[in-house]
Amino acid sequence: MNSESIVRNAPVDGAFRIIPRAEHSISRRDISPGALRVLYRLREAGFRACLVGGAVRDLLLGGHPKDFDVATDATPEQVRAQFRNCRLIGRRFRLAHVVFGREIVEVATFRGSSDDGSGDRHLVDGRLVRDNVYGSIEEDAVRRDFTINALYYDIADFSVRDAVGGMDDLERRTLRLIGDPEQRYREDPVRMLRAARLAAKLDFEIAADTAAPFATLGPLLAEAPPARLFDEALKLFLSGYGLASFRALERYGLLQHVFPATARALSGGGSGAFRHLLEQTLANTDARVREDKPVTPAFLFAAMLWEPARATAQALIDSGSDASIAWPSATARVLREQAQRVAIPRRFTLAVEEIWSLQPRFASRTKKRVFRLLEHPRFRAAYDFLLLRAHESAELAELAQWWTEAQEIDQAELATRLNAVPAPANDEAAPPKKRKRRRRRKASSSQASSSE
Ligand code: ATP
Ligand code: MG
């Protein structure tokens, strides 16, 4: 095993282990053209340039990374000077984005591990709120989160460089935080969610000392910025490993800090139908991601918060509220509570409210109401949601079945059948006016048609 002696800024962790080209599996053919151009250009300009992070990890595991991150000793301004198609972004972490058509290559300058007093590194209560101290590649490695995320593919000689035992952990399929776990989680509590997400995605175990602080430090997640938790929630549940991520969050006791109402509902007795709805939603979503079909956050949040909303509405109804008042007030309350943790943009909460508010409307099967519901712009999503609720009761299973058929049979036939159903007195179900021809709907399950 080779090791490289350290040239400047004595690093925390001594030397890099160098894995030469012949001894690892990364081939330039698997690296995106944009990333290769960035690496070569920086190298030609006399800078050090490496592929780093998730891309190196995934390539070593035989996967196909979606995005490629580059780390360099060039400052963001020096990077910009090399590329016409480059813009600088970020305040917390200043970065360069080099754009090639639809591909964006993120280029970060090596971060230092010590405070030089310039104010470019800023900690509040141990939390890292700003980190723009530049440093050596050795320092850059130890400030990354997990050992397997701190491997560098060096374009100078096509070797992989490992200062933290990442190669061994890849082999052991272990997710291990670099440094003192407690301190690293205090710097950035979202690392706990990243641990659960990456363990789920890669099917790795979280090392015991990396998972140990979850129980005591999990509550710090309540202080993470809700906008960042929204981004992280999408990565957790809409990146193709949603079901595994959900199970990991539950197993590690982290779900309660991000979706408190969901976690409470799941731990209550009689939560079987809700668990089924949630797991089925996530499994369907994973399948859609694998097939490159679009998925929307609205359906995900509708599922995550369904039981809390349903139970809250039911409690209001039980204490005398009219359903027409109980439902909107329950949904508003549940969404407001969730917003304290995860900032769900308005366009998604509107869609969530609509999917929920249509649920009670499936129960009335008078002709006018049935046809009205079939034509509702959010019918598809609401119906898909109804299918997922079929485990709640035998009545709902029957209802879901009925609505499936209602879409399969001829609309004239449906109208005839519905004429046989007497309308309740308060239903202003109209006598058959002249109806336009209705478009027939196919009853294939496509939950993500709940477009925003
Ligand atoms: P994914 O497959 O989800 O993209 P990733 O590891 O590439 O996984 P990114 O969020 O793209 O995740 O981050 C890129 C790299 O930046 C990581 O591999 C890691 O080295 C570093 N990094 C990201 N987030 C943190 C963090 N919170 N603390 C320390 N290092 C981080
Ligand atoms: Mg990445």
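Time to look at the overall build of the protein chain. Of regular secondary structure, the protein chain possesses 22 helices and 13 strands. Burial status across the protein chain gives 52% buried among its 452 residues. Within the protein chain, counting contacts between residues at least 6 apart in sequence, those at least 24 apart form 68% of the total. Just so you have it, the protein chain exposes about 21500 Å², and 49% of that area is on carbon and sulfur atoms.

Here we come to the site of ligand 1. Around ligand 1 there are 15 residues in total, and Arg-57, Asp-188, Arg-191, Arg-197 and Lys-201 lie nearest to it. A distance of 2.8 Å separates a nitrogen atom of ligand 1 from a polar side-chain atom of Asp-188. Within the side chain of Arg-194, a nitrogen or oxygen atom sits 3.0 Å from an oxygen atom of ligand 1. Expressed as a share of its isolated accessible area of 590 Å², the protein-covered part of ligand 1 is 82%. Elements supplying a minimum of two residues to the shell around ligand 1: helix H2 (54-60), helix H7 (190-202) and helix H10 (226-237). The element best represented in the shell around ligand 1 is H7, accounting for 4 residues.

All right, on to the pattern of salt bridges then. For the structure shown, the criterion picks out 29 salt bridges. Its salt-bridge partner being Arg-228, residue Asp-188 comes within 3.0 Å of it at the nearest N-O pair. Of this pair, Asp-188 sits in the loop between helix H6 (181-187) and H7 while Arg-228 sits in helix H10, and the two are 40 residues apart along the sequence. Residue classification places Arg-228 among the partly exposed positions, given a relative accessible area of 27%. Of the charged contacts in the structure, one is a salt bridge between Asp-384 and Arg-380, with a shortest N-O distance of 3.7 Å. With Asp-384 and Arg-380 both in helix H20 (residues 379-388) and 4 residues apart, this pair spans about one turn of that helix. The residues Asp-384 and Arg-380 share a single accessibility class, namely buried.

Attention now goes to helix H22 (residues 411-419). Here H22 has its buried residues at Gln-411, Leu-414, Ala-415 and Leu-418. Buried residues of H22 fall within an arc of 100 degrees about the axis and therefore sit on the same side. Residues of H22 that are buried in the fold lie against helix H19 (367-374) and helix H21 (394-408). You can read the cap of H22 off the contacts: a side-chain oxygen lies 3.1 Å from the backbone nitrogen of Ala-412, and it is on Asp-410.

Interaxial distance between H20 and H21 falls to 9 Å at its minimum, and their mutual angle equals 140 degrees. When the axes of H20 and H21 are compared, the pair comes out oblique. For the pair H20 and H21, the crossing hand works out as left-handed. The segment H20 lies against H21, with Phe-379, Arg-380, Tyr-383, Leu-386 and Leu-387 engaging Leu-396, Leu-399, Ala-400, Trp-403, Thr-404 and Gln-407. Its residues placed into classes, the contact of H20 with H21 shows 8 nonpolar, 2 polar and 1 charged.

General note: in soluble globular proteins, nonpolar side chains tend to be found buried as a group. If you look at the biggest cluster of nonpolar residues, it comprises 105 residues, and the most contacted ones within it are Leu-42, Leu-51, Phe-237 and Trp-356. By residue number, the principal contributor to this core is H7, which donates 9 residues. Looking at this core, you find at least three residues from each of domain 1 (3-188) and domain 2 (236-419). Ignoring anything within four residues of it in the chain, the contact list for Leu-42 reads Phe-47, Ala-49, Val-70, Thr-72, Ala-74, Val-79, Gln-82, Phe-83 and Val-107. If you look at the next biggest cluster of nonpolar residues, it comprises 21 residues, including Phe-379, Ala-390, Trp-402 and Ala-415.

What follows deals with the confidence of the model for the protein chain. Chain-level pLDDT for the protein chain is 88 on average; 86% of the residues reach the 70-or-more range. Overall, residues 426-436 carries pLDDT values under 50, and its contacts beyond four positions in sequence, including any with other chains, amount to 12 contacts. Ignoring residues within four places in sequence, the model shows residues 442-452, a span with pLDDT below 50, making 37 contacts including any to other chains.

Glancing now at the packing of aromatic side chains. With the rule as written, the count across this model stands at 16 aromatic pairs. Residues Trp-306 and Trp-356 carry aromatic rings whose centres are separated by 6.4 Å and whose planes lie at 55 degrees to one another, so their mutual orientation is tilted. With Trp-306 in helix H16 (residues 306-318) and Trp-356 in helix H18 (residues 346-358), this residue pair connects regions lying 50 residues apart in the sequence. Grouping residues by exposure puts Trp-306 and Trp-356 together as buried. Geometry around Phe-158 places Arg-28 over its ring, the cationic atom sitting 3.7 Å from the centre. Sitting over the ring of Trp-402, Arg-365 keeps its end group 5.2 Å from the ring centre.

Mapping Val-164 onto the fold places it in the loop between strand S11 (159-162) and helix H5 (166-172). Judged by its relative accessible area of 15%, Val-164 falls in the buried class.

Let us now look at the environment of Arg-21. Along the chain, Arg-21 turns up in the loop between strand S2 (16-19) and helix H1 (33-44). For the pair formed by Arg-21 and Ser-159, sequence separation is 138 residues and the distance between their alpha carbons is 4.9 Å. Within the structure, Arg-21 has its side chain in polar contact with the backbone oxygen of His-24 (distance 2.9 Å). A distance of 3.4 Å separates the side chain of Arg-21 from the backbone oxygen of Ile-26, its partner in a polar contact.

Now for the pairing of strand S5 (residues 86-89). The alternating pattern of S5 places Cys-86 and Leu-88 on a buried face, while none of Arg-87 and Ile-89, on the opposite face, is buried. Relative to strand S6 (residues 95-100), S5 runs antiparallel, the two being bridged by 4 bridges. Residue pairing in the sheet places Arg-87 in a bridge with His-97 of S6. Between S5 and S6, which follow one another and run antiparallel, lie 5 residues, and Gly-90 among them has a positive phi close to 85 degrees.

The rules behind the values
Residues numbered from 1 in each chain as written. Chains lettered and ligands numbered in written order. Predicted model: local features only at pLDDT ≥ 70, side-chain atom pairs only at ≥ 80, totals over all residues. Heavy atoms only, no water. Helix = DSSP H or I, 4+ residues; strand = E, 2+ residues; numbered from the N terminus. Buried < 20%, exposed > 50% of the residue type's maximum accessible area, 1.4 Å probe, protein only. Contact = heavy atoms within 4.5 Å. Areas by Shrake-Rupley, 256 points an atom, 1.4 Å probe, with all protein chains shown as cover. Near = heavy atom within 4 Å. Polar contact = N/O pair within 3.5 Å; in protein donor to acceptor, adjacent residues only side chain to side chain. Salt bridge = Lys/Arg side-chain N within 4 Å of Asp/Glu carboxyl O. Arc of directions from axis to C-beta. Axes fitted to C-alpha atoms, helices over the stretch in contact; angles between N-to-C directions. Parallel < 35°, antiparallel > 145°, perpendicular 65-115°, else oblique. Left-handed = near helix turned anticlockwise from the far one by under 90°. Nonpolar A, V, L, I, M, F, W, Y, C, P; charged D, E, K, R; others polar. Core = buried A, V, L, I, M, F, W, Y, C linked by side-chain atoms within 4.5 Å. Domains from an automatic or database assignment. pLDDT = per-residue confidence, 0-100. Phe/Tyr/Trp six-rings, centres within 6.5 Å; stacked < 30°, edge-to-face > 60°. Lys NZ or Arg CZ within 6 Å of the ring centre and 35° of its normal. Pairing = 2+ DSSP bridges.

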